[in-house]
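One-letter residues, chain by chain:
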Amino acid sequence: MRNALLLTVLVLGAHVVGAQPTEIPKPAHAPRVEIRTFASLTLSDEQFLKGDASGPTVLLAGELRFPVSNTSPRLPAVIIMHGSGGINPASQSWAYLLNQAGYATFMVDSFSGRGLVQVSTDQAKLGRFAGVLDAFRAYEELARHPRIDPKRIAFIGTSRGGTAVIYTAMRRFQKMWSPTFQGWATFPLYPSCFDRLDQDEDISMPVHAYHGAADDYASKEQCKAWLNRLSGKGLAASNTEYPNAAHSFDNLLASTTPALSKGAQSTRQCRISEQAGALINTEENKPFSYTDRCVTLDPSTGYSPEATRAMHQSVLEHLARLSQSR
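What counts and what doesn't
Residues numbered from 1 in each chain as written. Predicted model: local features only at pLDDT ≥ 70, side-chain atom pairs only at ≥ 80, totals over all residues. Heavy atoms only, no water. Helix = DSSP H or I, 4+ residues; strand = E, 2+ residues; numbered from the N terminus. Rg over C-alpha atoms; globule rule 2.2 N^0.38 Å. Buried < 20%, exposed > 50% of the residue type's maximum accessible area, 1.4 Å probe, protein only. Contact = heavy atoms within 4.5 Å. Areas by Shrake-Rupley, 256 points an atom, 1.4 Å probe, with all protein chains shown as cover. Lys, Arg positive; Asp, Glu negative; His and termini not counted. Charge placed at Lys NZ, Arg CZ, Asp CG, Glu CD. Pairing = 2+ DSSP bridges. Phe/Tyr/Trp six-rings, centres within 6.5 Å; stacked < 30°, edge-to-face > 60°. Core = buried A, V, L, I, M, F, W, Y, C linked by side-chain atoms within 4.5 Å. Axes fitted to C-alpha atoms, helices over the stretch in contact; angles between N-to-C directions.

Participant: Outline the overall build of the protein, supporting the account with residue identities and numerical values.
Facilitator: For the protein, the count of helices and strands is 8 helices and 15 strands. At 19 Å, the protein has a C-alpha radius of gyration in line with the 20 Å of a compact globule built from 326 residues. Dimensions along the principal axes, computed over C-alpha positions, put the protein at roughly 55 × 45 × 40 Å. Expressed as a percentage of the 326 residues in the protein, the buried residues total 58%. Sequence separation of at least 24 residues holds for 78% of the intrachain contacts in the protein that already meet a minimum separation of 6. When the accessible area of the protein is evaluated, it comes to approximately 13200 Å², of which 50% is carbon and sulfur surface. Charged side chains of the protein number 32 positive and 29 negative; the gap between the two group centres comes to 6 Å.

Participant: Give me the sheet that holds strand E11 (residues 272-275): which residues, what numbers.
Facilitator: With antiparallel pairing, 3 strands are arranged side by side in an open sheet as E11-E12-E13. Only two strands of the sheet have a single neighbouring strand rather than two, namely E11 and strand E13 (286-287). Here E11 pairs with strand E12 (residues 278-281) via 4 bridges, running antiparallel. When the bridges of E12 are listed, Ile272 appears paired with Asn281.

Participant: Describe unusual backbone geometry, naming the residues involved and giving the relevant values.
Facilitator: At Gln199, a position not held by glycine, the phi torsion is positive, near 60°. One can find Gln199 in the loop between strand E6 (186-189) and strand E7 (207-212). A positive phi is found at Asn244, a non-glycine position, where the angle reads about 65°. Tracing the backbone shows Asn244 in the loop between strand E8 (237-242) and strand E9 (259-260).

Participant: Account for the side chain of Thr301, naming residues and giving values.
Facilitator: Tracing the backbone through its elements, the reader meets Thr301 in strand E15 (residues 300-301). Apart from the residues lying within four places of it in its own chain, the contact partners of Thr301 are Tyr217, Ala246, His247, Ser248, Pro258, Ala259 and Ser261.

Participant: Describe the packing of aromatic side chains, and please don't skip the residues or the numbers.
Facilitator: Evaluated as defined, the whole model comprises 16 aromatic pairs. Seen in terms of ring centroids, Tyr210 and Tyr242 are 6.3 Å apart; in terms of plane orientation they differ by 5°. Their pairing is stacked. Of the two residues, Tyr210 sits in strand E7 while Tyr242 sits in strand E8, which places them 32 residues apart along the sequence. No difference in accessibility class separates Tyr210 from Tyr242, as the two residues are buried. An aromatic cluster of three or more residues is present, and its members are Phe48, Phe129, Tyr167, Phe173, Trp177, Phe194 and Trp226.

Participant: Explain the nonpolar core residue by residue, including any values.
Facilitator: If you look at the biggest cluster of nonpolar residues, it comprises 54 residues, and the most contacted ones within it are Ile79, Phe129, Tyr167 and Phe173. By residue number, the principal contributor to this core is helix H4 (residues 130-143), which donates 7 residues. Dropping the residues within four chain positions of it, Tyr167 is found in contact with Phe129, Val132, Phe173, Cys193, Phe194, Leu197 and Trp226. The next biggest cluster of nonpolar side chains, apart from the first, holds 26 residues, and it includes Leu98, Met107, Ala245 and Met311.

Participant: How would you explain the sheet that holds strand E4 (residues 104-109) if you had to name every residue and give the values?
Facilitator: Strand order in this open sheet of 8 strands is E1-E2-E4-E3-E5-E6-E7-E8, and the pairing throughout is mixed. Edge positions in the sheet fall to strand E1 (33-41) and E8, since each of these pairs with one other strand and no more. On average, adjacent strands in this sheet sit at an angle of 20° to one another, irrespective of strand direction. Along the sheet, H4 contacts E1, strand E2 (57-65), strand E3 (75-81), E4 and strand E5 (148-158); its crossing angle with E1, the most-contacted strand, is approximately 130°. Helix H7 (residues 220-232) rests against E7 and E8 of the sheet, and its axis sits at about 145° to E8.

Participant: Help me get a handle on the environment of Gln123, residues and values and all.
Facilitator: Positionally, Gln123 belongs in the loop between E4 and H4. Separated by 141 residues in the primary sequence, Gln123 and Ala264 have C-alpha atoms spaced 8.6 Å apart. In contact with Gln123, other than residues within four places in its own chain, are Ser84, Arg128, Arg160, Tyr217, Gln265 and Tyr290.

Dropping the structure here:
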């Protein structure tokens, strides 16, 4: 644990004003890297909710990295899902951190195979649940790998990727899209959530979410309300909020002073629930659209070294406890 936290300080400390860049320590590097492809579908949100698999097939890829410090024949692994801007330094730093701690990592690219670079300024380009399906398909690809333990595969997702991984916990979606799913735990980082989905209180694995108190991008209040409903029923669900941290607070190349993400769309003021297999803007009583007046523009993002270190430590501790409980 100490070595893993040291990596956090080394990787992140290079961004602090006045600090000199520091080499990533040897144990954080992977002795083997595989680029693995897998098939997914590009579906609308309504198609996903209704179990309609008639959308086009897409070939996606991910980077599978093996840890130096764990030579077990079957490794625990963490699938990393990116946000609306694609894979960024936050995704990469998680891979290094987790590799050093003894976990294999599978960093998924949901965009390149679809001809996308970013959807921040036009979220309608890709359904919000597309990432959930991609996460399921990534899990299935890893579960077939002879070096990976299919019962010890966890998920980390940032922003839109956090929305993807948080909903992998729902049994309804597992039964519909990935019947062999046996996810270990999910760690959504500053995700957005819907107010209510059908059967959203039936989850199969722990959900530990993280937000920044200064986040004006994600619909964090909707996430907190849902997670409170889950924990109120005795389920393993929690949300940690860090003071003064903005959205994307673990992106070490972002400014420590939050800056506007010009043109980026935010649904934090929207009240969205599922009705008859469709996402409904409940305040306007109509199907939700990114042209709705509740959608706002120009949210802020920024890096917080303190919040990042605390979140890294928290995730590693949760994973360690899961390992000890086996």
